[in-house]
Amino acid sequence: MTSTLTSPSTLVEDRAALVAEVSALLADKPGLLAAYGTVAVLRGFDRASREARDAITAVVRARGGRVLDLTAASCAGGVQDLPAVDLVVAVSRSAIGTAEQAAGTWGVPLLAVAPL
């Protein structure tokens, strides 16, 4: 499952909607974190990406999970050597391609901000 938020909005609004979507997904599918209890968050280096990561971390921790904080650079060699996750979330448009590859490698759902 891949879900991209596509409403015409600013990136800040997309990130806020993405946090809400993660919260809703974890509420609707409480068993989603059953395998590894981990959500991979791919982000940029900007402050807004880090804030979105922090908001998603709060949501995931409230559900008893943990977050694997990643950037495109940290995935440059692939994700096969990283711990497995249950969900991939891309909070930066520049990380969407890497997030798609990571989600495909792990065979897990992907949520991402809307591409340009």
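Up top is the structure these notes are about.
## Topic: helix α2 (residues 47-62)
- For α2, built from 16 residues, the straight-helix expectation of 22 Å at 1.5 Å per residue is met to within 8% by its first-to-last C-alpha distance of 23 Å.
- Just downstream of α2, G64 is the residue with a positive phi angle, here 85°.

## Focus on the pairing of strand β2 (residues 38-43)
- Most of β2 sits out of view: six of its six residues are buried.
- Burial along β2 is two-sided: the face carrying T38, A40 and L42 and the face carrying V39, V41 and R43 are both buried.
- For β2 and strand β3 (residues 66-71), the ladder comprises six bridges, and the chain directions are parallel. Within the sheet, the bridge partner assigned to T38 lies in β3 and is R66.
- Chirality of the crossover, the property in question, places the unit of β2, α2 and β3 among those that are right-handed.
- As paired elements, β2 and strand β4 (residues 87-90) share four bridges and run parallel to each other. When the sheet's bridge partners are listed, V39 is paired in β4 with L87.

## Looking at the pattern of salt bridges
- In the structure shown here, the tally under the stated rule is five salt bridges.
- Ionic pairing is found between R15 and D46, a salt bridge with its closest N-O pair at 3.3 Å. Separated by 31 residues along the polypeptide, R15 in helix α1 (residues 11-28) and D46 in the loop between β2 and α2 bring together distant segments of the chain.
- One salt bridge in this structure joins D54 and R53, with 2.9 Å as the shortest N-O distance.

Calculation rules
- Residues numbered from 1 in each chain as written.
- Predicted model: local features only at pLDDT ≥ 70, side-chain atom pairs only at ≥ 80, totals over all residues.
- Heavy atoms only, no water.
- Helix = DSSP H or I, 4+ residues; strand = E, 2+ residues; numbered from the N terminus.
- Expected span 1.5 Å × (residues − 1).
- Buried < 20%, exposed > 50% of the residue type's maximum accessible area, 1.4 Å probe, protein only.
- Pairing = 2+ DSSP bridges.
- Right-handed = clockwise from strand over helix to strand, strands pointing away.
- Salt bridge = Lys/Arg side-chain N within 4 Å of Asp/Glu carboxyl O.

As far as function goes, none of this settles anything; it's purely spatial.
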